[in-house]
Every structure is written in structure tokens, then in C-alpha cells.
Amino acid sequence: MDLGITGKIALVTGAGGGIGSSIAKYLNENGAFVYLIDINESGLQDALSTLSHQNLAKTICLNIAHYSEVKNAIDQIVSDHGTPEILVNAAGVAGLNTPIFELKEEEFNRIMSVNLNGTFNMIRHVSAHMAELGRGKIVNIASMAGVAGSNLFQSHYAASKGGVISLTRSAAKELGPKGIHVNGIAPGVIETQMIAEMKEEAREDYMKKIPLQRIGYPDDVGKVALFLSSDLSVYMTGQIINVDGGIIMA
Ligand SMILES: NC(=O)c1ccc[n+]([C@@H]2O[C@H](COP(=O)([O-])OP(=O)(O)OC[C@H]3O[C@@H](n4cnc5c(N)ncnc54)[C@H](O)[C@@H]3O)[C@@H](O)[C@H]2O)c1
């Protein structure tokens with residue numbers, strides 16, 4: 001089946017991390033030219049080395065929290081290569097586990113600047129070019145914390161992801177008439193560096209509540225991102241898909 005991805009330019013942020021590298025892998029496997037974007041240069045090189053079509057990929061070291069740097073990077077890609085038709089925003093940072101009444105302003109802003117502002121910066125600059133082209137697919141990686149609130153004293157992280165969900169829906173309404181689809185994924189607990197320091201107690205607690213009885217793998221999210229980037233989701237926009245083994249129902 002043709003997924004409608006072959007030959008398209010795709011941008012994936014957070015591609016040096018667990019979920020983003022899986023998404024980059026699936027898009028590359030299906031014929032997209034993938035720009036792997038991350039702030040972590042060695043993570044980018046690791047991700048690049050695992051791709052099946054390395055001639056269809058390029059890495060860009062970029063801090064998505066910086067508005068003008070994002071603009072310059074996107075403009076450069078468009079002038080060198082063409083307009084991206086797929087954008088997946090997977091870059092993100094987890095907050096320190098801190099009760100809200102002890103949370104410092106700098107820590108709140110640090111999380112917002114990457115998870116929410118960074119996602120906005122990418123959508124802002126890429127959608128301008130997609131709108132000119134008259135088509136595009138944007139996929140934002142949110143979190144179950146953004147849907148249901150945090151259970152781990154991460155109100156700042158949850159708020160940033162709630163913002164991503166709301167941004168997804170608003171952008172979908174605005175950009176739909178311009179041929180641009182905007183959807184999101186709310187992962188549950190996924191085995192990546194981000195949860196490496198999660199306490200055993202919290203892990204066990206999640207395990208008891210997940211109907212599918214396992215922690216997720218990055219590929220569980222990667223496959224759904226591929227679906228949302230492809231022609232298979234041609235009549236979907238503004239949707240947030242929970243990829244969480246069913247825990248959101250607990
Ligand atoms: N792992 C989970 O359980 C889980 C659950 C829900 C949502 N998520 C979300 O999934 C996404 C991917 O996370 P992951 O689990 O793969 O974690 P990860 O830490 O493996 O990957 C995150 C990547 O984002 C990059 N990044 C951080 N700040 C950046 C910046 N300013 N500019 C560019 N890149 C930056 C990191 O370098 C890293 O490579 C994140 O948005 C995260 O919030 C993860």
C-alpha cells in the first residue's frame with residue numbers, strides 16, 4: 001500500500017531521543033527525506049546510523065526553544081531543498097518532580113520554553129511554507145499528563161503538554177482550510193531516557209493500572225505517528241490519539 005510519504009520532506013524534532021528516532025526511522029523506511037532535528041548531536045548521530053536509507057536523511061543540531069534560530073533553520077531547508085510536507089514535533093523535556101507550591105519560576109519556564117514554545121516555534125515557521133504549498137501534515141507529541149494531569153508532581157510538564165493539545169486543535173481549525181492536517185499523540189509511559197529515573201514504585205504502580213500490562217516501546221508511538229503523517233489519516237485533523245496501553249481509562 002502506498003502511504004503517500006515517498007519523496008516528501010519530513011522534519012522530526014527530538015529525533016536524537018527514543019520516540020523521535022523511532023518516528024524518523026519509520027518515515028525514512030517509507031521513502032521520506034528526513035531531517036533529524038535535536039539539541040543533542042551524539043543522539044542525532046546514533047539515530048542517523050540506524051536508518052535504512054541514510055542517503056535520505058540529514059541531521060540538524062538546533063534548540064527549538066529559540067524562535068529566530070528555528071526560523072533561520074526552516075528557511076534554509078526550504079531554500080536548499082523545498083517545503084517540508086511532514087512535521088513531527090517530538091522534542092521535549094520532563095520536569096523535576098516538585099510539588100506546585102515549591103516549584104520555581106525558572107523550572108516552570110524551562111519546561112514551557114521547550115515543550116510548548118518549541119512546538120509553537122516549529123509549527124509557526126513550517127506552517128507558513130506549508131500554507132503556500134497548500135498541503136502538509138503536522139503531528140505533535142503531547143502526553144497523557146496533558147490530558148489527565150500529572151500523577152508525579154509535574155504540574156509544569158502537564159501544563160506544557162495541555163498547551164500542546166490545545167495548540168494542536170487550534171492549529172487544526174486554522175490550517176485545515178489550507179490543506180494542512182494537525183493531529184497529536186498522547187503517549188502513556190514509554191521506555192526511553194525520559195523515564196530512566198522513574199522510581200521503581202511509580203513504575204509498578206503504572207504496571208498495575210495499564211490494561212495491556214506493559215510499559216510502551218518507542219515504536220508503539222512511531223507507528224501511530226507514521227499513520228498520522230500518511231494518507232491513511234486523510235480525513236482526520238485536530239485529534240489526539242492516546243497511545244498508552246489503555247491507562248487513560250484507569
Ligand atoms: N517517554 C515517555 O514516557 C513519554 C510519555 C509521554 C510523552 N512523552 C513525550 O515524547 C516526546 C519524546 O520523548 P522521549 O520519551 O523520546 O524522550 P527522550 O529524552 O529520549 O527524547 C527527547 C529528545 O528531545 C530533545 N530535546 C530536548 N530539548 C530540546 C530542545 N530545546 N531543542 C531540540 N531538541 C530538544 C532531547 O535532546 C531528546 O533527544 C517528548 O515530547 C516527551 O515529552 C514521552
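- The name that an unreviewed UniProt entry assigns to the protein chain is SDR family oxidoreductase, with the source organism given as Mesobacillus maritimus.
- As stated in UniProt under Sequence similarities (unreviewed entry), the record for the protein chain gives "Belongs to the short-chain dehydrogenases/reductases (SDR) family."

### Describing the sheet that holds strand β1 (residues 9-13)
Right, so step 1: Sheet architecture is open: 7 strands sit in the order β3-β2-β1-β4-β5-β6-β7, paired in parallel fashion. Edge positions in the open sheet fall to β3 (57-61) and β7 (240-243), since each of these has one partner strand only. Across the sheet, the mean angle separating the axes of adjacent strands is 15 degrees when strand polarity is ignored.
Right, so step 2: Pairing analysis gives 4 bridges linking β1 to strand β4 (residues 86-89), with the strands arranged parallel.

### Looking at the packing of helix α1 (residues 18-29) against helix α8 (residues 218-229)
Right, so step 1: Taken N-terminus to C-terminus, the directions of α1 and α8 make an angle of 50 degrees; their axes are 8 Å apart at the nearest point. Accordingly, the angle class assigned to the pair α1 and α8 is oblique. Handedness of the crossing formed by α1 with α8: right-handed. Every residue of α8 that contacts α1 at Gly18, Ile19, Ser22, Ile23, Lys25, Tyr26 and Leu27 is listed here: Pro218, Asp219, Val221, Gly222, Lys223, Ala225, Leu226 and Ser229.
Right, so step 2: Class assignment for the residues of the contact of α1 with α8 results in 8 nonpolar, 4 polar and 3 charged.

### Description of the site of the ligand
Right, so step 1: In the neighbourhood of the ligand, 29 residues make up the surrounding shell, with Ile19, Asp38, Asn63, Tyr157 and Thr192 lying closest.
Right, so step 2: Leu62 places a polar main-chain atom, nitrogen or oxygen, 3.4 Å from a nitrogen atom of the ligand.
Right, so step 3: Considered on its own, the ligand offers 820 Å² of accessible surface; in the complex 92% of this is hidden by protein.
Right, so step 4: Mapped onto the shell around the ligand, the elements with two or more residues apiece are α1 and α6 (155-175).

Cut-offs used in this document
- Residues numbered from 1 in each chain as written.
- Predicted model: local features only at pLDDT ≥ 70, side-chain atom pairs only at ≥ 80, totals over all residues.
- Heavy atoms only, no water.
- UniProt positions renumbered as here; feature names shortened; annotations may be inferred.
- Pairing = 2+ DSSP bridges.
- Helix = DSSP H or I, 4+ residues; strand = E, 2+ residues; numbered from the N terminus.
- Axes fitted to C-alpha atoms, helices over the stretch in contact; angles between N-to-C directions.
- Parallel < 35°, antiparallel > 145°, perpendicular 65-115°, else oblique.
- Left-handed = near helix turned anticlockwise from the far one by under 90°.
- Contact = heavy atoms within 4.5 Å.
- Nonpolar A, V, L, I, M, F, W, Y, C, P; charged D, E, K, R; others polar.
- Near = heavy atom within 4 Å.
- Polar contact = N/O pair within 3.5 Å; in protein donor to acceptor, adjacent residues only side chain to side chain.
- Areas by Shrake-Rupley, 256 points an atom, 1.4 Å probe, with all protein chains shown as cover.

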